[in-house]
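Chain by chain, the residues run as shown.
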Amino acid sequence: MVRMSAEERRESVIRAATAEFARGGYHGTSTEAIAKRVGVSQPYLFRLFPGKKAIFLAAAERCLEDTIRTFSEAAEGLEGEEALHAMANAYMQVIAEQPERLMMQMQMYLAVAAAEQEGDREFGEAVRAGWMRLWDTVHLPLGADIGETTTFMAYGMLINCLVSMGFPPEHRVWEGLYPSAHAKGRLEH
C-alpha cells in the first residue's frame, strides 16, 4: 500500500470537505464527517488544517478557482458573444456533471451571511476576494463591458438558484435565459 503525502492527504480533505459542506453547509457539517470520508482521524485532520473554518475556506477557494479555470479555458481565444456562450456552456456542463460544485457555491454565500451576522468578517473577505477574481476572469472576454459582465454574472446566479431549486430544463422559468443556458436536457441528471 502506497502512503499518501501530506499534500495528497490535504487534497483528499478538500475534496471530501467540498462534498460534505455542499450537502450540509458550514454549520451542518462536522469535521468528524469530513475525517471519516477521507479515512483519517480528526487529530490528523487538524494537523493538516487548524480548524473547521480553515477547511471550509480551503474548499471555498478550490470551488472558486475551479470555476475561474472553467471560464478561462472556455473563453481562451474568444471574445464578446462567442466568449459569453462558451463560458455559459462550460458552466452549465460543470454544474450538470459536478452538482457538488454548485451546491458548494450556494453554501459559501450562506456561510458568509451567517458569519457576518456573528461578527466574523474573515469568511466574507475570503469569499469576496475569490468572487472578484471570478468577475475579472469573465470581464475581459466580455469586452471589459461592465453591463455585459453584470448581466452574465446575474444570469449565472439565476441559473444557480434555478438548478438548486430543481427546476427541470423544460420548465418555463428557463425560457428567458441565454440559448446556451436553455439547452434542453443539459441539466438532466
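That block above? That's the structure.
Now for a look at the structure at hand.

About the thresholds
Residues numbered from 1 in each chain as written. Predicted model: local features only at pLDDT ≥ 70, side-chain atom pairs only at ≥ 80, totals over all residues. Heavy atoms only, no water. Helix = DSSP H or I, 4+ residues; strand = E, 2+ residues; numbered from the N terminus. Expected span 1.5 Å × (residues − 1). Buried < 20%, exposed > 50% of the residue type's maximum accessible area, 1.4 Å probe, protein only. Contact = heavy atoms within 4.5 Å. Core = buried A, V, L, I, M, F, W, Y, C linked by side-chain atoms within 4.5 Å. Axes fitted to C-alpha atoms, helices over the stretch in contact; angles between N-to-C directions. Parallel < 35°, antiparallel > 145°, perpendicular 65-115°, else oblique. Nonpolar A, V, L, I, M, F, W, Y, C, P; charged D, E, K, R; others polar. Salt bridge = Lys/Arg side-chain N within 4 Å of Asp/Glu carboxyl O. Patch = residues over 30% accessible without salt bridge, like charges linked within 9 Å, V, L, I, M, F, W, Y side chains within 5 Å. Areas by Shrake-Rupley, 256 points an atom, 1.4 Å probe, with all protein chains shown as cover. Lys, Arg positive; Asp, Glu negative; His and termini not counted. Charge placed at Lys NZ, Arg CZ, Asp CG, Glu CD. Left-handed = near helix turned anticlockwise from the far one by under 90°. Phe/Tyr/Trp six-rings, centres within 6.5 Å; stacked < 30°, edge-to-face > 60°. Lys NZ or Arg CZ within 6 Å of the ring centre and 35° of its normal.

In this model, helix α6 (residues 99-117) (19 residues) spans 28 Å end to end at C-alpha, consistent with the 27 Å of a helix rising 1.5 Å per residue. Arg101, Leu102, Met104, Gln105, Met106, Gln107, Met108, Ala111, Val112 and Ala115 are the residues of α6 that are buried. Taken together, the buried residues of α6 touch α1 (6-24), α4 (52-75), α5 (80-97), α7 (122-139) and α8 (146-164).

Moving on to unusual backbone geometry. For Ala144, which is not glycine, the phi dihedral falls at a positive 50°. Relative to the helices and strands, Ala144 is located in the loop between α7 and α8.

Once that is clear, we can look at the nonpolar core. Within soluble globular proteins, side chains that are nonpolar tend to cluster in buried spots. Membership of the largest hydrophobic core comes to 55 residues, with the highest contact counts inside it found for Phe21, Phe56, Met87, Met104 and Phe152. In this structure Phe56 touches Phe21, Tyr26, Met104, Gln107, Met108, Ala111 and Phe123, once residues within four positions along its chain are discounted.

Take the packing of α4 against α7 next. Running from N to C, α4 and α7 point in directions that differ by 5°, and their axes come no closer than 9 Å. Classified by the angle between their axes, α4 and α7 sit roughly parallel to one another. On α7, the residues that touch Lys53, Phe56, Leu57, Ala60, Glu61, Leu64, Glu65, Thr67, Ile68, Phe71 and Ser72 of α4 are Glu122, Phe123, Ala126, Val127, Gly130, Trp131, Arg133, Leu134, Thr137 and Val138. Of the residues that constitute the contact of α4 with α7, the class distribution is twelve nonpolar, four polar and five charged.

Bringing α1 into the picture now. Counted at 1.5 Å a residue, the expected span for α1 with its 19 residues is 27 Å, and the 26 Å between its end C-alpha atoms agrees. Turning to α1, its buried residues are Arg9, Ser12, Val13, Ile14, Ala16, Ala17, Thr18, Glu20, Phe21 and Ala22. Check the buried side of α1 and you find it contacts α2 (31-38), α3 (42-48), α4 and α6. Where α1 terminates, the next one or two residues include Gly25, which has phi positive at roughly 75°.

With that out of the way, let us pick up the pattern of salt bridges. A complete count under the given rule lists ten salt bridges for this structure. Residue Arg133 is joined to Glu61 by a salt bridge in which the shortest nitrogen-to-oxygen separation is 2.7 Å. Of this pair, Arg133 sits in helix α7 while Glu61 sits in helix α4, and the two are 72 residues apart along the sequence. By relative accessible area, Arg133 is classed as partly exposed at 31%.

This paragraph deals with a negative patch on the surface. A surface patch of negative charge is lined by Glu79, Glu81, Glu82, Asp145 and Glu148. Counting through the fold element by element, Glu79 comes out in the loop between α4 and α5. Residue classification places Glu79 among the exposed positions, given a relative accessible area of 62%.

Next up on the list: the side chain of Gln107. Among the secondary structure elements, Gln107 is positioned in helix α6. On the basis of relative accessibility, which here comes to 15%, the residue Gln107 falls in the buried class.

Where α5 meets α8, the axes come as close as 12 Å, and the angle between the chain directions of the two elements is 20°. The orientation of α5 relative to α8 falls into the category roughly parallel. The chirality of how α5 crosses α8 is right-handed. Of α8, the residues touching α5 (which contributes Leu84, Met87, Ala88, Tyr91, Met92 and Ile95) are Glu148, Phe152, Ile159, Asn160 and Val163.

The subject of this paragraph is the packing of aromatic side chains. Centre-to-centre distance and the angle between the planes together describe a pair of aromatic rings. Under the criterion given, the structure shown has eight aromatic pairs. Ring geometry for Tyr26 against Phe123: centres 5.0 Å apart, planes inclined by 80°, an arrangement best described as edge-to-face. Of this pair, Tyr26 sits in the loop between α1 and α2 while Phe123 sits in helix α7, and the two are 97 residues apart along the sequence. Tyr26 gets classed as buried once you look at its relative accessible area, which sits at 17%. Its relative accessible area of 2% is what places Phe123 among the buried residues. When the ring of Phe56 is compared with that of Phe123, the centres are 5.3 Å apart and the planes differ by 45°; the resulting orientation is tilted. You can see Phe56 sitting in helix α4 and its partner Phe123 sitting in helix α7, a full 67 residues away along the chain. The pair formed by Phe56 and Phe123 is uniform in burial state, with each residue classed as buried. An aromatic cluster is defined as three or more aromatic residues linked by ring pairs; in this entry it consists of Phe21, Tyr26, Phe56 and Phe123. One cation-aromatic arrangement involves Lys52 over Tyr26; the distance from NZ or CZ to the ring centre is 4.7 Å.

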